[in-house]
Amino acid sequence: MASTNINMLNKTSNNIYADECYTPEIAIKPILPYLNNKLIYYDCTSGISSNIVDCLNNNNLNCLASNKKDFLTDDLYNYDVIITNPPYSKKDKFIEKCYEIGKPFALLLPVSAIQGQKRGFLFNKYGVELLVLNKRIDFTGKGSPHFGVAWFCYNLLPNKIIFK
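Every residue gets a number counted from 1 within its own chain, in the order that chain's sequence is written. At least 70 in pLDDT is required for a residue's local features to be given in this predicted model, at least 80 for side-chain atom pairs to be given and counted, and no such filter applies to totals for whole chains, interfaces and linings, which use all residues. The side-chain values count all of the structure's non-hydrogen atoms but skip hydrogen atoms and water molecules.

(A) Spotlight on the overall build of the protein. Only runs of H or I of at least four residues qualify as helices and only runs of E of at least two qualify as strands under DSSP, and these elements are numbered from the N terminus. Each helix and strand in the protein was counted, giving 5 helices and 7 strands. Overall, the protein shows an N-to-C arrangement of helices and strands of α-α-β-α-β-β-α-β-α-β-β-β. Of all intrachain contacts in the protein linking residues separated by at least 6 positions in sequence, the fraction that spans at least 24 positions is 63%. Of the roughly 8,800 Å² of accessible surface on the protein, a fraction of 48% belongs to carbon and sulfur atoms. The contact criterion used is simple: two residues touch if any of their non-hydrogen atoms lie within 4.5 Å. Computed with the Shrake-Rupley method and a 1.4 Å probe, the accessible areas treat only the protein chains shown as cover for residues.

Below is the structure:
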């Protein structure tokens, strides 16, 4: 991992070697009104942390944990919607895999993920919906988050862009 990436992860991550940022409940709650309690949700990165799984299940939604399965290579569970905070360094692979699967999804990503040639091609081809969080989220407890996040969704939100 390049030193620039390690410096960035030191500031934003709970585990710099796993590119891991736990998702605080304040980042999950804004999407809850758009979720349907008749569907099964799947947090495909919850093998180590389970804040999304716990929050959804505590709010009368059915969310399955990945049990350390590798979303990018392993067979998947029976579910209706993918919801996760993917590793930042693998965001492109997660976006591509989600569109390939074709089910609705919600990925919590930095707002800057809206840019990029490959992502732009996928967003144009399949469509994208954004639930933009108007407040920066502190993922580490270290304060002063330096980037904003949004839920990048597919076939989930009633509008293309929502500010919450």
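(B) Expanded view of helix α3 (residues 51-58). Among the residues of α3, those classed as buried are Ile52, Val53, Cys55 and Leu56. Looking at the buried residues of α3, the elements they touch are α2 (25-28), β1 (40-43), β2 (62-65), β3 (81-84) and β6 (149-154). Positive phi appears at asparagine 60, one or two residues downstream of α3, with a value of about 60 degrees. Type-normalised accessible area, obtained with a 1.4 Å probe on protein chains alone, sets the label of each residue: buried when under 20%, exposed when over 50%, and partly exposed for intermediate values.

(C) Examining the environment of tryptophan 151 more closely. Among the secondary structure elements, tryptophan 151 is positioned in strand β6. With 66 residues separating them along the chain, tryptophan 151 and asparagine 85 place their C-alpha atoms 8.9 Å apart. Pairing of N or O atoms within 3.5 Å defines a polar contact, subject to two protein rules: one partner must be a possible hydrogen donor and the other a possible acceptor, and residues neighboring in sequence count only if both atoms are side-chain atoms. Among the polar contacts listed, one links the side chain of tryptophan 151 to the backbone oxygen of alanine 27, at a separation of 2.9 Å.

(D) The sheet that holds β6, seen in detail. Pairing between strands is defined by DSSP: at least two bridges between them are needed. Spatial strand order, β2-β1-β3-β4-β6-β5-β7: 7 strands in an open sheet with mixed pairing. Edge strands, defined here as strands with exactly one partner in the open sheet, are β2 and β7 (161-163). Along the sheet, successive strands turn relative to each other by an average axial angle of 25 degrees, direction set aside. Inspection of the sheet shows strand β5 (residues 129-132) paired to β6 by 4 bridges, in the antiparallel sense. Helix axes are fitted to C-alpha atoms over the stretch in contact, other axes to C-alpha atoms as well, and angles between N-to-C directions run from 0 to 180 degrees.

(E) Spatial organisation of the state of the cysteines. The term disulfide is used for any two cysteine sulfur atoms that are within 2.5 Å. According to the stated counting rule, one finds 0 disulfides in the structure shown. Of all cysteine sulfurs, the one in cysteine 55 lies closest to cysteine 63, which takes part in no disulfide; the gap is 9.5 Å. Left unpaired, cysteine 98 is separated from the closest cysteine sulfur, that of cysteine 44, by 5.9 Å. The exposure class of cysteine 98 is buried, given its relative accessible area of 0%.

(F) View of the environment of phenylalanine 147. With respect to the helices and strands, the residue phenylalanine 147 is situated in the loop between β5 and β6. Classification of phenylalanine 147 as partly exposed rests on a relative accessible area of 24%. Residues phenylalanine 147 and serine 112, spaced 35 residues apart in sequence, show a C-alpha to C-alpha distance of 8.3 Å.

(G) Just the nonpolar core, in detail. In this description, a nonpolar core means a group of buried Ala, Val, Leu, Ile, Met, Phe, Trp, Tyr and Cys residues linked to one another through side-chain atoms lying within 4.5 Å. Residues Ile31, Leu35, Tyr41, Leu56, Ile83 and Trp151 are the most contacted members of the largest nonpolar core, which totals 26 residues. Where this core is concerned, the elements lending two or more residues are α2, α3, β3, β4 (105-110) and β6. Isoleucine 31 has contacts with Ile83, Ala106, Leu131, Trp151, Cys153 and Leu156, leaving out every residue within four places of it along the chain. Listed in part, the 21 residues of the second largest apolar core include Phe71, Tyr79, Leu109 and Ala150.

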